[in-house]
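Structural characterization, general
Given next are the chains, with one letter for each unit.
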Amino acid sequence: MDKTSEMPKLNGKLLRYSLSVSLTVGLYGIAFGAASIAAGFSVLQSCLFSLLTFTGASQFAAVGVVASGGTAAAAISAATLLGTRNALYGMQMAPLLENRGLTKLIAAHITIDESTGVALSQVEEGNATMRQGFWLTGLGVFLFWNLFTLLGALGAKQLGTPASWGLDAGVPAAFLGLLWLRLTSNFLRLVAVASMVFTLLITPWLPSGLPIISATLVAVAVGWNERESTT
Amino acid sequence: MMWTVLIFTSAFALLIKLAGHYVPSRWLSNPRLQRINALVPIALLSALVVAESVTNKARLVIDHRLAGVAVALAALFAKLPFPVVVISAVVTSALIYHLH
């Protein structure tokens, strides 16, 4: 989330803010639907991914590994590793939301980058506004993400051979877009470049899918020791 | 294969989310774990960009996809919106695929 962007003061503003985040992020759903079809999943499976997994980067990773010829285990591991950050978001949101039972289950399901990000951006407005931001954004993204996944999947299905329509380049381009949002410092850019070089170097030596998961080692190696504050 | 990936990916994704809401926060508050966790998406997304643009199985391949990704990179530098980034990559890649 861009914490420097303008923060809404009123609930009307919060609604518009949540909606614009939901719509922007939801549009990625088109790319996911298309990527999923290109990887060989059906329209139904693509839609179930967005309904049930509902965490974009993990979904892209799962279909991406399958598309590159990786095993099911490699696809599931890559997706699961990418989803671990949602546990940290849940930890931050649970004391704020104080939900129980079914509501808590739904809250957990919509605990993603955007719902957490919007909630945290409302700290100065108080807990009630933070809660509102979480629910509005979480449910908004859920709506648009699923709608656009269906559109993307149906569209890609009509097109046929993925390569002849360039869809196989759309997937890495979508990953690059997701990555781009996260590269907020030179240190993080360096980690990204190091991960890319590492993946290139080990690709010829490992079965498909494994180089992707192995890139986690770069994160472990860099994050193991505390570092000086970076630019 | 497809259903296996779908079912397990979804189940683990939900379990992780539920863990965050139910597990006592001190379990996950280890600073080392948090530092690594913050870097994991960057490492994995970077690896996925490479895997999807220049590899085919265990081989490095330069083809139409890389051209598309290069154009996407240029679009990101130009601060163009996400749909434009993806569409420019798709169009470039398709053109080169057909010219080839």
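Structure shown above.
Please read these numbers as outputs of a predicted model, since none were measured by experiment.

The next subject is the packing of helix 2 (residues 43-53) of chain A against helix 3 (residues 56-67) of chain A. Residues and elements named next belong to chain A. Packing of helix 2 against helix 3 leaves a shortest axis separation of 10 Å and a crossing angle of 145 degrees. For the element pair helix 2 and helix 3, the recorded crossing hand is right-handed. Between helix 2, through Phe 49, Ser 50 and Thr 53, and helix 3, the contact on the second element is made entirely by Gln 59, Ala 62 and Val 63. Tallied by class, the residues present in the contact of helix 2 with helix 3 amount to three nonpolar, three polar and no charged.

This part is about empty space enclosed by the protein. Per the stated rule, a full pass over the model turns up one cavity of 30 Å³ or more. Here the largest cavity is characterised by a volume of approximately 70 Å³. Along its surface, the largest cavity is lined by Ser 68, Thr 203, Leu 206, Pro 207, Ser 208, Gly 209, Pro 211 and Ile 212 of chain A together with Ala 51, Thr 55, Lys 57 and Ala 58 of chain B. Across the lining of the largest cavity, the residue classes break down as six nonpolar, five polar and one charged.

With that out of the way, let us pick up unusual backbone geometry. Phi at Glu 98 of chain A is positive, roughly 50 degrees, even though this residue is not glycine. Locating Glu 98 of chain A in the fold gives a position in the loop between helix 5 (85-97) and helix 6 (101-109). A positive phi angle is found at Lys 79 of chain B, which is not glycine, with a value near 60 degrees. The topology assignment puts Lys 79 of chain B in the loop between helix 3 (64-77) and helix 4 (82-99). Residue class for Lys 79 of chain B comes out exposed when judged on its relative accessible area of 73%.

What follows covers the pattern of salt bridges. Residue and element names in this part refer to chain A. Considering all chains together, one arrives at three salt bridges over all chains under this definition. Between Asp 113 and Arg 182 there is a salt bridge whose closest N-O contact spans 3.0 Å. Separated by 69 residues along the polypeptide, Asp 113 in helix 7 (residues 113-121) and Arg 182 in helix 9 (residues 167-182) bring together distant segments of the chain. Since its relative accessible area comes to 21%, Asp 113 is described here as partly exposed. Residue classification places Arg 182 among the partly exposed positions, given a relative accessible area of 22%. Within the structure, one salt-bridge network assembled from shared partners comprises Arg 85, Asp 113 and Arg 182.

Next up on the list: the interface of chain A and chain B. Interface size is commonly expressed as the accessible area that is lost once the parts come together. Counting residues at the interface gives 94 residues for chain A and 63 residues for chain B. Carbon and sulfur atoms supply 77% of the area buried between chain A and chain B, which totals about 6,800 Å² over both sides. Contact with chain B buries surface across chain A, with Ile 76, Met 91 and Trp 180 of chain A losing the most and accounting together for 9% of the total. Applying the counting rule to chain A against chain B returns zero salt bridges. On inspection of chain A and its partner chain B, the count reaches 12 residue pairs in polar contact (both at pLDDT 80 or more). It is helix 9 of chain A that contributes the most residues to the side of chain A that touches chain B, 15 residues altogether. Its residues assigned to classes, the side of chain A that touches chain B shows 62 nonpolar, 27 polar and five charged.

Parameters at a glance
Residues numbered from 1 in each chain as written. Chains lettered and ligands numbered in written order. Predicted model: local features only at pLDDT ≥ 70, side-chain atom pairs only at ≥ 80, totals over all residues. Heavy atoms only, no water. Axes fitted to C-alpha atoms, helices over the stretch in contact; angles between N-to-C directions. Helix = DSSP H or I, 4+ residues; strand = E, 2+ residues; numbered from the N terminus. Left-handed = near helix turned anticlockwise from the far one by under 90°. Contact = heavy atoms within 4.5 Å. Nonpolar A, V, L, I, M, F, W, Y, C, P; charged D, E, K, R; others polar. 1 Å grid on protein atoms, 1.4 Å probe; cavity = no way out; pocket = protein on both sides within 12 Å on 5 of 7 lines; lining within 4 Å. Points joined across faces, edges and corners; volume = space filled by probe spheres on them. Buried < 20%, exposed > 50% of the residue type's maximum accessible area, 1.4 Å probe, protein only. Salt bridge = Lys/Arg side-chain N within 4 Å of Asp/Glu carboxyl O. Buried area = accessible area lost by both parts, 1.4 Å probe. Polar contact = N/O pair within 3.5 Å; in protein donor to acceptor, adjacent residues only side chain to side chain.

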